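Given next are the chains, with one letter for each unit.
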Amino acid sequence: MENKIKQTGTAQITIEGKSYDLPIMKGSMGAPGIDVRALYKQSGHFTFDPGFTSTCSTESQITFIDGGEGQLLYRGYDVEKLAEESTSLEVAYLLIHGELPNAKEYETFESTITNHTMLHDQIESFFQGYRRDSHPMSMLCGTVGALSGFYHDDQHTTEDEARDLAIHRIIAKIPTLAARCYKYRVGQPSVYPQNNLSYAGNFLRMCFAVPAEPYEVNPVIERAMDKIFILHMDHEQNASTSTVRLAGSSGANPYACIAAGTACLWGPSHGGANEAALNMLKEIGTVDRIPEYIARAKDKTDPFRLMGFGHRVYKATDPRARVMRRTTHEVLGELGISNPVLEVAMELEKIATNEDYFVKRGLYPNVDFYSGIVLSALGFPTDMFTVLFALARTTGWISQWNEMLEDPSQRIGRPRQLYSGAELRDFVPMDKR
Ligand code: SDX
């Protein structure tokens, strides 16, 4: 990665009568940033920004989000266009290399990924240690981390070849691991990958094929699955991607970094919201109960929030939610399913996006609002939704991890704090307390 941000001006900060000049840096798109790297050394003052609402943690050239316009670009390409026109592996290549592949590049990449999809057979023993009713995210977190114990030729993250090998292995094996979590959860035998199937088709077959009968991938379902992977693949410096970058900044094992990102994504405020959103829609149950839940979401004394609504960056509808809504209709139509939950979702979206409380705060449906409905229609149980999110986001995580390691300005991430604890005091022996 070549650093491309440029100084476009100077900010001046005055502290106790003394002024400090700080460079204003700008990239190719989006807001500029005040470079505060030298602030503490010059002024003895930190910046304070818990939750990082006004803080850029890095320069990146992978994904751009315009939260006001509801725009999401992967390496400059509109995600809605990529979801409609491209495929998971083509977009994976784009995220990693920065350009869409030509036919030869794609053929080589697809073949490399396909030939890394099998798991080391001893990974199976890790699954046997889980209770059958363990949450699939606990299995994914544990087993993707366990992969760090199986490969030693891709550990030297400073070497391009080792990093490429880790990138290919992780992208290739995460669908096999995710499907294994599902099969273990439902008590069915695992299904090995088949090299003649697409990335999405292989995953569907590993999830839903059973030894007792032949399994044919439904092309409409395969296309929907592929779109869902593309939509969830990357999203700039969200909580789980920042976790992967921070873990990787110490030179940690790549599989361990992905496990750290998986753990972070699991939270209901982040990737766990798709599971929470469907549970919420099922709890609402019928359109006439929507006003009761809208009132609860607005009530500050009630911890209830509309799951699948709101976003730190988007203050307009998440473009991924638009595609997910269309995909939901396509899949339900193909499968001939009429799902009352979809009717509740559509009505809830219509009501909430006209309510002053939500409009004033820029709260609109995000990627998780519809995904539960379509994933449920595809046959996945609710507790598998975040596993699917993690499967897709693994490509974004490992692309961001790789970019960080190639960034000449990269250092180990080590935030500071404002300390408000006890000041220096003497130890008092137990018999004197
Ligand atoms: C993802 O970062 C990413 O890019 C994440 C992600 C990705 O691809 O990686 O896009 C994936 O995580 C999507 C978000 C999934 N989470 C949910 O759907 C959970 C419900 N949403 C929220 O909890 C919330 O909106 C967050 C966590 C998504 C964003 O939280 P912020 O930016 O910290 O906003 P906030 O909590 O400060 O809320 C601002 C105001 C508050 O009210 P006031 O104090 O101003 O009166 O909006 C309110 C909040 O109470 N609010 C909501 C709400 N979300 C925010 N009120 C009701 N329902 C909601 N969903």
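If you're wondering where the values come from, they're calculated on a predicted model, not measured in any experiment. (Residues numbered from 1 in each chain as written. Predicted model: local features only at pLDDT ≥ 70, side-chain atom pairs only at ≥ 80, totals over all residues. Heavy atoms only, no water.)

Asks: What am I meant to see in the side chain of Thr-395 here?
Replies: As for its position among the elements, Thr-395 is in helix H18 (residues 385–406). Using a relative accessible area of 2% as the deciding quantity, one classes Thr-395 as buried. Excluding residues that lie within four positions of it along the chain, Thr-395 makes contacts with Ala-92, Leu-95, Ile-171 and Met-233. (Helix = DSSP H or I, 4+ residues; strand = E, 2+ residues; numbered from the N terminus. Buried < 20%, exposed > 50% of the residue type's maximum accessible area, 1.4 Å probe, protein only. Contact = heavy atoms within 4.5 Å.)

Asks: Explain the site of the ligand to me, please; I cannot follow it from the model alone.
Replies: Neighbouring the ligand are 24 residues; His-235, His-311, Arg-312, Arg-320 and Arg-393 lie closest to it. Contact between the ligand and Gly-308: an oxygen atom at 2.9 Å from a main-chain N or O atom of the residue. At a separation of 3.1 Å, an oxygen atom of the ligand approaches a polar side-chain atom of Arg-361. In terms of residue class, the shell around the ligand is built from nine nonpolar, eight polar and seven charged. (Near = heavy atom within 4 Å. Polar contact = N/O pair within 3.5 Å; in protein donor to acceptor, adjacent residues only side chain to side chain. Nonpolar A, V, L, I, M, F, W, Y, C, P; charged D, E, K, R; others polar.)

Asks: Teacher, can you tell me more about the layout of surface pockets here?
Replies: In this approach, a probe sized like a water molecule rolls over the atoms, and the result shows the empty space that is left. The space that makes up the second largest pocket amounts to roughly 180 Å³. Forming the walls of the second largest pocket are 16 residues, and the residues nearest its centre are Leu-119, Glu-124, Arg-180, Ser-190 and Tyr-192. Residue assignment for the lining of the second largest pocket shows that the elements contributing at least two residues are helix H5 (123–128) and helix H7 (160–186). With four residues, the top contributor of residues to the lining of the second largest pocket is H7. (1 Å grid on protein atoms, 1.4 Å probe; cavity = no way out; pocket = protein on both sides within 12 Å on 5 of 7 lines; lining within 4 Å. Points joined across faces, edges and corners; volume = space filled by probe spheres on them.)

Asks: In this structure, what is going on with the domain arrangement of the protein? I would like to understand it.
Replies: Frequently, the measure chosen for interface size is the accessible area that the parts lose on association. In terms of domains, the protein is made up of domain 1 (6–56) and domain 2 (81–409). Summarising the inter-unit geometry, the C-alpha centres of domain 1 and domain 2 are found 35 Å apart. (Domains from an automatic or database assignment.)

Asks: Just to check I follow, could you spell out the pairing of strand S5 (residues 71–74) for this structure?
Replies: On a regular strand, each side chain points to the face opposite its neighbour's, so the side chains alternate between the two faces of the sheet. In this sheet, S5 lies alongside strand S4 (residues 63–66) in antiparallel orientation, the contact comprising four bridges. Considered in S5, the bridge of Phe-64 is made with Leu-73. Summarising the sheet, S5 and strand S6 (residues 77–78) pair through two bridges and their orientation is antiparallel. Bridging across to S6, Tyr-74 finds its partner in Tyr-77. (Pairing = 2+ DSSP bridges.)

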